[in-house]
Amino acid sequence: MNSSDPSRRPGRLGVGIVGAGKVGAVLGAALRAAGHAVVGVSAVSEASRERAATLLPGVPVLEIQDIIERAELVLLAVPDDALPPLVEGLARLGAWQPGQLVVHTSGRHGTGVLDPARSMGAIPLALHPAMTFTGMSLDLGRLPDCCFGITAPGAVLPIAQALVVEMGAEPVVIEEESRALYHAALAHASNHLVTLASQSAQLLGDLGVHRPERMLGPLMKASLENALSAGEGALTGPVSRGDAGTVAAHGSALAAHDAQDIRIAYREMARATAVRAVDRGLLSPEQGDAIVAALEAPPGPDRGTRGAGGPGSGGPGAGGTGSGEDAS
């Protein structure tokens, strides 16, 4: 074994993985690649057992208490709502050990949820990867582009940072009281993007578009890249132009199509877009009011033509902003 072998680095730990889901198995594999020894993994379902066998070959599947008994670092990769009763139940069993690192991957929780373990001398760390996981080896290649939201007591914050860096990612410190808002921001960006894409694909599919993802892919990718680089300066479309008539026509079309959930989502996102556009000076207050009025008015078959040249329509009465410079 040569000196470049990661397992020869100082400070290598015996790691136990509780939960071989999409996140736990991948992070366990990343820690193993950094030279830490994975001493055991819990896996209940057939899918998790297969995932553990693929990403953590040779690692024994053990009961949770056996994992905690063997591990110097316990990685708790379980759903948010399952984390508190798991930590508390193991504390009642006297499972936690003094000096043991207890790490969870929940975005919502900070280290307070680990207080039952901390009261027994364990060291609490919260490491949440801001990434979606497939549970396959390709996730390991995505970690270098990933940030982790980390929370830990000041004295052990460098340990949390070092673990993230060892996995190839970037640590970003999140204060304990800010974890729920931090997680809401990520869920809003990631989860709702999936809903948005699915709703749009549904509408296109209903119209007979054979491969809606082919039509949406370039548009959504460009929009995301532009938004991340230019913020709301990248905003395009009828709201940004003050085209209240077009917004009204969208509402009527969605109502007629019996797409209730999509119409509600469109209305609320368009409303938020209009409010933010006015706040940032991209729309005049009058244009913003016209957009909101179009969203709140009952849908009707004639709404798509009203406002052609009127206030907020993108015509002369809209201050000349309705130039039609984009098609989205």
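Here is what the cut-offs are and how they apply
Residues numbered from 1 in each chain as written. Predicted model: local features only at pLDDT ≥ 70, side-chain atom pairs only at ≥ 80, totals over all residues. Heavy atoms only, no water. Helix = DSSP H or I, 4+ residues; strand = E, 2+ residues; numbered from the N terminus. Buried < 20%, exposed > 50% of the residue type's maximum accessible area, 1.4 Å probe, protein only. Contact = heavy atoms within 4.5 Å. Areas by Shrake-Rupley, 256 points an atom, 1.4 Å probe, with all protein chains shown as cover. Salt bridge = Lys/Arg side-chain N within 4 Å of Asp/Glu carboxyl O. Axes fitted to C-alpha atoms, helices over the stretch in contact; angles between N-to-C directions. Parallel < 35°, antiparallel > 145°, perpendicular 65-115°, else oblique. Left-handed = near helix turned anticlockwise from the far one by under 90°. Pairing = 2+ DSSP bridges. Right-handed = clockwise from strand over helix to strand, strands pointing away. pLDDT = per-residue confidence, 0-100. Patch = residues over 30% accessible without salt bridge, like charges linked within 9 Å, V, L, I, M, F, W, Y side chains within 5 Å. Disulfide = S-S within 2.5 Å. Arc of directions from axis to C-beta. Core = buried A, V, L, I, M, F, W, Y, C linked by side-chain atoms within 4.5 Å. Nonpolar A, V, L, I, M, F, W, Y, C, P; charged D, E, K, R; others polar.

*Asks:* Could you clarify how one ought to interpret the overall build of the protein chain in this entry?
*Replies:* Across its full length, the protein chain carries 13 helices and seven strands. Within the protein chain, the fraction of its 328 residues that count as buried is 40%. Nonlocal contacts in the protein chain, meaning residues at least 24 apart in sequence, comprise 61% of its contacts between residues at least 6 apart. Of the roughly 16,700 Å² that the protein chain leaves accessible, carbon and sulfur atoms contribute 57%.

*Asks:* I would appreciate a short explanation of the pattern of salt bridges in the present structure.
*Replies:* A side chain with one charge may pair with a side chain of the opposite charge, provided their charged atoms come close. Following the criterion strictly, the structure yields eleven salt bridges and no others. The salt bridge involving D115 is made with R118; its shortest N-O contact spans 2.6 Å. Pair noted here: D115 and R118 are both in helix 5 (residues 115–118), with a separation of three residues, about one helical turn. For R118, a relative accessible area of 33% translates into the label partly exposed. The salt bridge involving E232 is made with R280; its shortest N-O contact spans 2.4 Å. One end of the pair, E232, is in the loop between helix 9 (212–230) and helix 10 (238–241); the other, R280, is in the loop between helix 12 (260–279) and helix 13 (285–296), and 48 residues separate them in sequence.

*Asks:* Sorry if this is basic, but what is going on with the packing of helix 8 (residues 179–206) against helix 9 here?
*Replies:* Helix-helix packing is described using two parameters, namely the angle between the two axes and the distance between the axes. Put simply, helix 8 and helix 9 touch, their axes get as near as 9 Å, and they point 135 degrees apart. In terms of axis orientation, helix 8 runs oblique to helix 9. When you trace helix 8 past helix 9, the crossing you get is right-handed. Residues L193, L196, A197, S200, A201 and L204 of helix 8 pack against P212, M215, L216 and M220 of helix 9.

*Asks:* Help me understand the pairing of strand 7 (residues 170–173), please; the structure alone is not making it clear to me.
*Replies:* Strand direction decides the pairing type here: strand 6 (residues 147–151) and strand 7, joined by four bridges, are parallel. Bridge pairing in strand 7 links G149 to V172. As for the winding sense of the linkage, the β-α-β connection from strand 6 through helix 7 (residues 157–166) to strand 7 is right-handed.

*Asks:* What is the right way to read the confidence of the model for the protein chain from this model?
*Replies:* Note that predicted coordinates carrying low pLDDT should not be read in detail. In the predicted model, the protein chain carries a mean pLDDT of 89, and the fraction of residues at 70 or more is 88%. Residue range residues 302–327 is modelled with pLDDT below 50. Its contacts to residues more than four positions away, or to other chains, number 48 contacts.

*Asks:* Can you walk me through a nonpolar patch on the surface in this structure?
*Replies:* Together, L193, L196, L224 and L228 give the surface a local cluster of nonpolar side chains, amounting to about 390 Å² of exposed area. Put simply, the parts of the chain that give the nonpolar patch at least two residues each are helix 8 and helix 9. Note that L228 resides in helix 9.

*Asks:* Which parts of the structure should I look at to understand the environment of R271?
*Replies:* You can see R271 is positioned in helix 12. Non-local contacts of R271, meaning those with residues more than four positions away in its chain, are made with V292, L295 and E296.

*Asks:* Would you explain the sheet that holds strand 4 (residues 101–104) in this entry?
*Replies:* Strand pairing within a sheet occurs via backbone hydrogen bonds; the two strands may be parallel or antiparallel. If you walk across this open sheet you meet the seven strands as 2-1-3-4-5-6-7, and the pairing is mixed. Of all strands in the sheet, those bounded by a partner on one side alone are strand 2 (37–42) and strand 7. Sheet twist, expressed as the mean angle between neighbouring strand axes with direction ignored, is 25 degrees. Of the strand pairs in this sheet, strand 1 (residues 14–18) and strand 2 are connected by five bridges, and their pairing is parallel. Residue pairing in the sheet places V18 in a bridge with S42 of strand 2. Contacting strand 4, strand 5 (123–129) and strand 6, helix 8 runs over the sheet at an angle of about 20 degrees to strand 5.

*Asks:* Can you walk me through the state of the cysteines in this structure?
*Replies:* Two cysteines form a disulfide when their sulfur atoms are joined by a covalent bond. For the structure shown, the criterion picks out zero disulfides. C147 provides the cysteine sulfur closest to C146, a residue in no disulfide bond, and the two sulfurs are 6.5 Å apart. Judged by its relative accessible area of 31%, C147 falls in the partly exposed class.

*Asks:* I tried to follow helix 2 (residues 46–55) on my own but got confused; where do I start?
*Replies:* For an α-helix the count is 3.6 residues per turn, leaving residues at separations of three or four pointing the same way. Among all positions in helix 2, only S48, R51, A52 and L55 are buried. Projected down its long axis, helix 2 shows its buried positions confined to an angular sector of 100 degrees, all on one face. Among the exposed residues of helix 2, those pointing more than 90 degrees away from its buried face are E46, A53 and T54. Check the buried side of helix 2 and you find it contacts helix 1 (22–33) and strand 2.

*Asks:* Would you take a moment to explain the nonpolar core for this structure?
*Replies:* The tendency in soluble globular proteins is for nonpolar side chains to be buried side by side. Of all hydrophobic cores here, the largest spans 37 residues; its most connected members are L73, L125, L127 and F148. Looking at this core element by element, the count peaks at six residues for helix 1. Leave out the neighbours within four places in its chain, and L127 touches V103, H104, T105, F148, G149, I150, A160, L163 and V164. Counting 19 residues, the second largest nonpolar core, distinct from the first, contains L90, V102, L114 and A117.

*Asks:* Looking at this structure, I do not really get the packing of helix 8 against helix 12. What am I missing?
*Replies:* One way to put it is that helix 8 packs onto helix 12 with a least axis distance of 11 Å and a crossing angle of 125 degrees. Viewed along their axes, helix 8 and helix 12 adopt a mutual orientation that is oblique. Crossing hand, helix 8 versus helix 12: left-handed. Residues Q199, Q202 and L203 of helix 8 lie in contact with helix 12, whose contacting residues are D261, I262 and A265. Looking at the contact of helix 8 with helix 12 residue by residue, the classes come out as three nonpolar, two polar and one charged.

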